[in-house]
Amino acid sequence: MKLPLLPTTIVGSYPQPDWLIDRVRLKDRLPPRVRAKELWRMPEELLAVAQDDATVLAIHDQERAGVDIIGDGEMRRESYSNRLANALSGIDEEKPGSALDRTGNPNPVPRVAGPIRRLGPIEVQDVALLKRNTDHPIKITIPGPFTMTQQAQNDYYKDDEALATDYAAAVNQEIKDLHAAGCDVVQLDEPYLQARSDKAKHYAVKAINKALEGVTGKTALHICFGYSYVIDSHGHDHKPNGYAYLRELEETNIDVISLEAAEPGLDPAVLKDLPNKTVMYGVIDMHNPEVETAQTVADRIRGALKYKSAEKIWVAPDCGMKYISREVAFGKLKAMVDGAKIVRRELGGS
């Protein structure tokens, strides 16, 4: 995978078209942890083709903006985690459980009623679609074992660590198949490392490393404070300006750590906590509906460069773009790319 200095990428989600999913209903609820098929506007027999078309639009928007590492935009999902989490055996599809969301509100979640096992590839078809529609390096995101454990009701395993161990084994199989299919970067989404940091300190590193056993391709891990829209809509205060669980990630075998930095005003000095990791540094604020200028993005990158070499920085939005408009999302991606180009030129890169 050949990348320029300060390569740009999306974190995961891109806005789904209104003709594909009911975005009003999507915003009016907590992010679904079980499947929410009622949100799709297309009948079942047309849905897969419509999701393909939406994915191609997301790919083309990223290419038009000049993004270096292309994602699928998570067009097939009602939320970042529920597609894979509900495709595993051991989940009671008829009777969901309940767990507190990171907003502190109860949310229906997968109920674990038997051993968690992967029945077969889940997102490999997404790699094939990406490869057919772009010649850029590609990235696929999947939920990590710790976050899936926190988003489930455990009615089978002796404790959460045992559940996370089997989630990790399933994730491991999926990562290997995604890389074998030609995916350049597989990203684990682990926002609950921040939301449940006390629990994470007991077994999260062990679970993440088990998910990476025997993996030879490039991997990334996203940790964040949650979607801004969801936090705002449930009356919570602004995001914290520091991570409760970060330096522990230095002990994982992940290659790239994705951090949310723009909206919370993260002190870039925290990059010193990850001396051996490449950092996917958030330079786009998902809370601010105004599109950043390229100079604003460049300033944020320059701040990170005080603590991490350019060879160890990827440039990205803070978080997924699911809840903002496509117009704003595209504008923000273009500003991100242009800001990275400014700094790249300053460093003598092309």
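Notes on the structure follow. Here the structure is a predicted model, which is why all the values come from computation and not from measurement. (Residues numbered from 1 in each chain as written. Predicted model: local features only at pLDDT ≥ 70, side-chain atom pairs only at ≥ 80, totals over all residues. Heavy atoms only, no water.)

### Quick look at the overall build of the protein
Alright, step 1. Check the secondary structure of the protein and you find 11 helices and 12 strands.
Alright, step 2. Since a compact globule built from 350 residues should have a radius of gyration of about 20 Å, the 19 Å found for the protein is in line with a globular shape.
Alright, step 3. Overall size of the protein, expressed as C-alpha extent along the three principal axes, is 55 × 45 × 45 Å.
Alright, step 4. Expressed as a percentage of the 350 residues in the protein, the buried residues total 60%.
Alright, step 5. Looking at the protein alone, contacts between residues at least 24 apart form 77% of all its contacts between residues at least 6 apart. (Helix = DSSP H or I, 4+ residues; strand = E, 2+ residues; numbered from the N terminus. Rg over C-alpha atoms; globule rule 2.2 N^0.38 Å. Buried < 20%, exposed > 50% of the residue type's maximum accessible area, 1.4 Å probe, protein only. Contact = heavy atoms within 4.5 Å.)

### Here we look at the pairing of strand β12 (residues 313-317)
Alright, step 1. With five of five residues buried, β12 is to be regarded as a mostly interior element.
Alright, step 2. Crossover connection from strand β11 (residues 278-284) via helix α10 (residues 294-305) to parallel β12: handedness right-handed. (Right-handed = clockwise from strand over helix to strand, strands pointing away.)

### Some points on the nonpolar core
Alright, step 1. Among the nonpolar cores identified, the biggest contains 100 residues, and Ile142, Tyr167, Leu193, Leu249 and Leu259 are the most heavily contacted of them.
Alright, step 2. Considering each element in turn, this core owes the most residues, 10 residues, to helix α11 (residues 326-346).
Alright, step 3. The residues contacting Tyr167, other than those within four sequence positions of it, are Leu88, Ile91, Val112, Ile116, Pro145, Met148, Thr149 and Ala152.
Alright, step 4. Core analysis: the next-biggest nonpolar cluster, separate from the first, contains eight residues, Val11, Val185, Val256 and Trp314 among them. (Core = buried A, V, L, I, M, F, W, Y, C linked by side-chain atoms within 4.5 Å.)

### A look at empty space enclosed by the protein
Gaps left between atoms show up when a probe the size of a water molecule is rolled over them.
Alright, step 1. Within the structure shown, the criterion is met by three cavities of 30 Å³ or more.
Alright, step 2. If you add up the space inside the second largest cavity, you get close to 40 Å³.
Alright, step 3. In this structure, the second largest cavity is lined by Ile10, Val11, Gly12, Gly71, Asp72, Lys139, Ile140 and Thr141.
Alright, step 4. Of the residues in the lining of the second largest cavity, the class split is three nonpolar, three polar and two charged. (1 Å grid on protein atoms, 1.4 Å probe; cavity = no way out; pocket = protein on both sides within 12 Å on 5 of 7 lines; lining within 4 Å. Points joined across faces, edges and corners; volume = space filled by probe spheres on them. Nonpolar A, V, L, I, M, F, W, Y, C, P; charged D, E, K, R; others polar.)

### Topic: the sheet that holds β11
Alright, step 1. Across the sheet, which stays open at both edges, the seven strands sit in the order β1-β6-β8-β9-β10-β11-β12 with parallel pairing between neighbours. Each edge of the open sheet carries a strand with a single partner, namely β1 (70-71) and β12.
Alright, step 2. Bridge count for β11 against β12 is five bridges, and the pairing is parallel. When the bridges of β12 are listed, Gly282 appears paired with Ala316.
Alright, step 3. Of the strands in this sheet, β11 and β12 touch α11, which is tilted by about 155° from β12. (Pairing = 2+ DSSP bridges. Axes fitted to C-alpha atoms, helices over the stretch in contact; angles between N-to-C directions.)

### Thoughts on the packing of helix α2 (residues 44-65) against α11
Alright, step 1. Viewed as axis vectors pointing N to C, α2 and α11 meet at an angle of 35°, and their least axial separation amounts to 8 Å. Between α2 and α11 the crossing geometry is right-handed. Here α2 contributes Leu57, Asp61, Gln62, Arg64 and Ala65 to the contact with α11, which in turn contributes Arg326, Phe330, Leu333, Lys334 and Val337.
Alright, step 2. Taken together, the residues that form the contact of α2 with α11 break down as five nonpolar, one polar and four charged. (Left-handed = near helix turned anticlockwise from the far one by under 90°.)

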